[in-house]
Amino acid sequence: MTAGIDLGRPQAQAIRSDEDVVRVRQLVRAVAVAVKLSLVDQTKLVTAASELARNTLVYGGGGDVEVTIVDNGVRRGVRIVFADSGPGIADLDLALTDGYTTGGGLGLGLSGARRLVDEFDIQTAVGEGTRITVTKWSR
Ligand SMILES: Nc1ncnc2c1ncn2[C@@H]1O[C@H](COP(=O)(O)OP(=O)(O)OP(=O)(O)O)[C@@H](O)[C@H]1O
Ligand SMILES: [Mg+2]
């Protein structure tokens, strides 16, 4: 599982299956514990990561995640990058609207994830893919 991971380096995980989404959750939890996020913040970050990993799998056709410990001189945090080479998102404002879905979901994954983290950035281009970066800081 996540025992023995070297937290000094970015941790990479492919997202190609439901099992990989579970592995992303476990990895993010382990890194969040290591930087001493509160239990509530751990859960917020794991929830956001789970939604974004699922989108990477379902809409992006699979991809990769990288989890890194960051330090701004005052606090430590966890930064997670989700990258896929799928269809991209044509209308980002729409995709971030509560309830908007093209896949019959609840349409709350992206918008919810954004509210659960401290920093949220999306780079996407139609036909090229999507790259979402989230960060949560210890407090
Ligand atoms: N990585 C991605 N690549 C392409 N499109 C995406 C990606 N992630 C999200 N989208 C688009 O944004 C929409 C909104 O995503 P969001 O996660 O909010 O809702 P959902 O996945 O449809 O439903 P839910 O997450 O609530 O089950 C998706 O329906 C999809 O059209
Ligand atoms: Mg979703």
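Residues numbered from 1 in each chain as written. Chains lettered and ligands numbered in written order. Predicted model: local features only at pLDDT ≥ 70, side-chain atom pairs only at ≥ 80, totals over all residues. Heavy atoms only, no water.

An unreviewed UniProt entry lists the protein chain under the name Serine/threonine-protein kinase RsbT, with Micromonospora sagamiensis as the source organism.

(A) Molecular detail of the site of ligand 1. In the neighbourhood of ligand 1, 18 residues make up the surrounding shell, with Asn55, Tyr59, Thr101, Thr102 and Leu108 lying closest. Interatomic distance of 3.3 Å between a side-chain N/O atom of Glu51 and an oxygen atom of ligand 1. Notes on ligand 1: free accessible area 600 Å², of which the protein chains cover 89%. Every element with two or more residues in the shell around ligand 1 is listed here: helix H2 (39–58) and helix H4 (109–116). A breakdown of the residues in the shell around ligand 1 according to their chemical character gives 7 nonpolar, 9 polar and 2 charged. (Near = heavy atom within 4 Å. Polar contact = N/O pair within 3.5 Å; in protein donor to acceptor, adjacent residues only side chain to side chain. Areas by Shrake-Rupley, 256 points an atom, 1.4 Å probe, with all protein chains shown as cover. Helix = DSSP H or I, 4+ residues; strand = E, 2+ residues; numbered from the N terminus. Nonpolar A, V, L, I, M, F, W, Y, C, P; charged D, E, K, R; others polar.)

(B) Seen up close, the side chain of Gln13. Note that Gln13 resides in strand E1 (residues 11–15). Ignoring any residue separated from it by four or fewer positions in sequence, one finds Gln13 in contact with Asp20, Arg23, Val24, Leu27, Asp64 and Val65. (Contact = heavy atoms within 4.5 Å.)

(C) A look at the environment of Arg79. By the secondary structure assignment, Arg79 is in strand E3 (residues 76–84). Sequence separation of Arg79 and Arg9 is 70 residues, and the distance between their C-alpha atoms is 12 Å. Setting aside its immediate chain neighbours within four residues, Arg79 contacts Glu66, Val67, Thr68, Val70, Glu119, Thr133, Val134, Thr135 and Trp137. A polar atom in the side chain of Arg79 sits 2.8 Å from the side chain of Thr135.

(D) Up close: the sheet that holds strand E2 (residues 63–71). With respect to topology, 5 strands assemble into an open sheet ordered E1-E2-E3-E5-E4, the strand pairing being antiparallel. The open sheet terminates on both sides in strands that have one partner only, identified here as E1 and strand E4 (119–125). The sheet shows a mean angle of 15 degrees between the axes of neighbouring strands, taken without regard to direction. Looking at chain direction, E3 and strand E5 (residues 129–137) are connected through 8 bridges and run antiparallel. Of the residues in E5, the one forming a bridge with Ala83 is Arg131. Packing of helix H1 (residues 18–34) onto the sheet brings it into contact with E1, E2 and E3, and relative to E1 it is tilted by some 160 degrees. (Pairing = 2+ DSSP bridges. Axes fitted to C-alpha atoms, helices over the stretch in contact; angles between N-to-C directions.)

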